[in-house]
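# Tertiary structure, described
Read off the chains here:
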Amino acid sequence: MLPTPAPLTGHLGYWLRLVSNQVSHSFARRLAEHDVTTAEWVVLRELYDAQALAPSRLADRLGLTRGAVSKLADRLIAKALLARAAHESDGRAHTLALTPRGRALVPALAATADANDAQFFGHLAPDQRRALEETLREIVARQGLSAHPID
């Protein structure tokens, strides 16, 4: 006879997914008010600090395929948030950089991310929040996770 399976709620993954889905969907709705997707936000935020990057380098940093970065770049260029320019030393290559409009939007989107975090985690005491983050970072390190969450 097979053992009785644990209930769904008996798995940490259930609780993690429940919270993660709500946090992610809330954030996606907030970003949509700015006509930006979560994946686009990740690209914008990464380029905010990096200034300009080759698409291949951006793909490596984000854990995405070059094709995915190309599609995201095309969408952001169409929204006038990103620009493609010839590489300084290699005319065959190009870089991606934020436009002034894209650069100005990132702080507003970061505030949106902060507000979303506050909605879900603002009730936690600083030591609880720190412990949760440390636990999640430990799992990430132990599992060798590196791709940025974009869905």
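The structure under discussion appears in the preceding block.
A brief structural summary. Nothing here was measured: the structure is a model prediction, and the numbers come from that model. (Residues numbered from 1 in each chain as written. Predicted model: local features only at pLDDT ≥ 70, side-chain atom pairs only at ≥ 80, totals over all residues. Heavy atoms only, no water.)

### Observations regarding the pattern of salt bridges
The test is simple: Throughout this description, the term salt bridge denotes a Lys or Arg side-chain nitrogen within 4 Å of a carboxyl oxygen of Asp or Glu. Think of it this way: any DSSP run of H or I at least four residues long counts as a helix, any run of E at least two long counts as a strand, and we number them from the N terminus. A 1.4 Å probe rolled over the protein chains alone gives each residue an accessible area, and that area as a share of the maximum for its type sets the label: buried under 20%, exposed over 50%, partly exposed in between.
Tallied over the full model, the rule gives 9 salt bridges. One salt bridge connects Arg75 with Glu40, and the closest N-O pair in it is separated by 2.8 Å. Placement of Arg75 in helix H4 (residues 66-78) and of Glu40 in helix H2 (residues 38-50) is noted, with a sequence separation of 35 residues between them. Taking the relative accessible area as the measure of exposure, Glu40 reaches 1% and is therefore buried. Among the charged side chains, a salt-bridge network with shared partners connects Asp35, Glu40, Arg75 and Lys79.

### Some details on unusual backbone geometry
At Gln51, a residue that is not glycine, the phi angle is positive and equals roughly 70°. Structurally, the position occupied by Gln51 is in the loop between H2 and strand E1 (52-53). Owing to a relative accessible area of 48%, Gln51 belongs among the partly exposed residues under this scheme. The phi dihedral of Ala80 falls on the positive side, at around 65°, and the residue is not glycine. When you line up the elements, Ala80 lands in the loop between H4 and strand E2 (82-86).

### Topic: helix H1 (residues 12-32)
Cut-off, in case you're wondering: In a helix, the anticipated span is given by 1.5 Å times the number of residues less one. This arc is built from the directions going out from the helix axis to the C-beta atoms. In this description, contact between two residues means that some pair of their heavy atoms is separated by no more than 4.5 Å.
With 21 residues, H1 should cover 30 Å at 1.5 Å per step; its first-to-last C-alpha distance of 30 Å lies within 8% of that length. Regarding H1, the residues found buried are Val23, Ser26, Phe27 and Leu31. Seen from one end, H1 has its buried residues packed into an arc of 140°, which puts them on one side. Pointing more than 90 degrees away from the buried face of H1 are the exposed residues Arg17, Arg29 and Ala32. Residues of H1 that are buried sit in contact with H2 and helix H5 (100-121).

### Topic: the sheet that holds E2
Going by this rule: Pairing between strands is defined by DSSP: at least two bridges between them are needed. In this analysis an axis means a line fitted to C-alpha atoms, helices contributing only their contacting stretch, and an angle means the value between N-to-C directions, from 0 to 180 degrees.
Pairing is antiparallel in the open sheet, where 3 strands are placed in the order E1-E3-E2. Two strands lie at the open edges of the sheet, namely E1 and E2, each paired on one side alone. The pairing of E1 with strand E3 (residues 94-98) spans 2 bridges and is classified as antiparallel. In the strand pairing of E3, Ala52 is matched with Ala97. Those strands touched by H4 are E2 and E3, and its axis lies near 115° from that of E2.

### Topic: the packing of H2 against H5
For clarity, the threshold we go by: Rotating anticlockwise by less than a right angle from the far helix to the near helix defines a left-handed crossing, while the corresponding clockwise rotation defines a right-handed one. Ten residue types, Ala, Val, Leu, Ile, Met, Phe, Trp, Tyr, Cys and Pro, are classed as nonpolar, four, Asp, Glu, Lys and Arg, as charged, and the remainder, Gly among them, as polar.
Contact geometry for H2 and H5: axes closest at 10 Å, N-to-C directions at 120°. In this structure, H2 crosses over H5, and the sense of that crossing is left-handed. Within the contact between the two elements, H2 uses Trp41, Leu44, Arg45, Leu47 and Tyr48 and H5 uses Arg103, Val106, Pro107, Leu109, Ala110 and Ala113. Residues belonging to the contact of H2 with H5 are distributed by class as follows: 9 nonpolar, no polar and 2 charged.

### Section: the side chain of Thr112
Looking at the element boundaries, Thr112 is found in helix H5. Of the residues examined, Thr112 reaches a relative accessible area of 12% and is grouped as buried. Beyond its immediate chain neighbours, meaning those up to four positions away, Thr112 contacts Phe27, Arg30, Leu31 and His34.

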